[in-house]
Amino acid sequence: MDMKWHPEHFTCETCGKALAGSTFVKKNNRAYCKPCVEKLKVKERAVDTCERCKKPVNENLNEVLITLNGKKFHAHHFNCAICKQVLGGDCKMFEGKLYCAMDLERMTLRVCQACRRPIVGRSVTALAKQYHPEHFVCSKCERPFNSSMYWEVKGKPYCEAHYHELMGDVCGLCHEAAIGKTVTAIGRKWCEAHFNCMACHMPLIGTTNKNGFIDWDMKPFCKACFEELPAEVRRRVAKYQDIDRKAAPPPVPSKK
């Protein structure tokens, strides 16, 4: 060993057995008894080796092996796909690339589209995005949806009322969003319950009115109330209706 020892201090590096006056084996500049050397040889043969450098893992240097496609490598041969730092034993593969633990957590963490904070626990998935349940609300009134139904405009969710308001579907009488059953007449939308004669308020749809309605100044009138208007007004309306009929394109004949 090219060194001097007190007899009681010259012992096996592994088991501590006294080696003075007995046979020993020198390995890596250290003394071992024969049984311990044999155990070391068995252990070294069983140690995993790196597929790239073909060297075993050195536990004394805290080297770590990772397994890729069934093969083992030193982790320090690879870098994180984002931060480019040398990888350690906590690295993970995601979609074919290796990442350090911190960057992988940032990539895979669910984030609420509304508040941009992490989601822990329940979430709502809509519009290909995720939300805290309390943050998935109408983009106009910010109220939660009473049912699972919502309407999308340019990637944003809206309740039924504000969707129709945004799309211009506003009732011609109440001037609020026409929701539920609606009527399209006189170039605008109407709540079904609001499509009534502007004079007598008689409903203009259904069985209560079989004579239809007449448009006067963009307002619907039943035939009876229209007949009570001044004669000059009625002649003017009839004239405009005749002009509209003449301007309308001819009907397309059906194919037989």
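Just so you know, these numbers come straight off a predicted model, no measurement behind them.

Looking only at helices and strands, the chain features five helices and 14 strands. When the 256 residues of the chain are sorted by exposure, 25% land in the buried category. In the chain, 14% of the contacts between residues at least 6 apart in sequence involve partners at least 24 apart. In the structure as shown, the chain presents an accessible area of about 18,700 Å², 52% of it carried by carbon and sulfur atoms.

Attention now goes to the environment of Gln113. Position of Gln113 among the secondary structure elements: in the loop between α2 (101-108) and β7 (124-126). Distance from Gln113 to Phe136, taken between C-alpha atoms, is 8.8 Å for residues 23 residues apart in sequence. Ignoring sequence-local partners within four residues, the contact set of Gln113 consists of Lys129, Gln130 and Tyr131.

Should pLDDT be low for a region, the predicted coordinates there are not to be read in detail. Here the chain averages 78 in pLDDT, and 84% of its residues register 70 or above. Taken element by element, the predicted model of the chain shows its lowest mean pLDDT in helix α5 (residues 231-247) (65) and its highest in strand β10 (residues 156-158) (90).

This part is about the state of the cysteines. Taken as a whole, this structure holds zero disulfides when the rule is applied. Unpaired in this structure, Cys112 has its nearest cysteine sulfur neighbour in Cys115, at a distance of 3.8 Å. Of all cysteine sulfurs in the structure, the one in Cys138 sits closest to Cys159, which takes part in no disulfide; the separation is 3.7 Å.

Rules of the game
- Residues numbered from 1 in each chain as written.
- Predicted model: local features only at pLDDT ≥ 70, side-chain atom pairs only at ≥ 80, totals over all residues.
- Heavy atoms only, no water.
- Helix = DSSP H or I, 4+ residues; strand = E, 2+ residues; numbered from the N terminus.
- Buried < 20%, exposed > 50% of the residue type's maximum accessible area, 1.4 Å probe, protein only.
- Contact = heavy atoms within 4.5 Å.
- Areas by Shrake-Rupley, 256 points an atom, 1.4 Å probe, with all protein chains shown as cover.
- pLDDT = per-residue confidence, 0-100.
- Disulfide = S-S within 2.5 Å.

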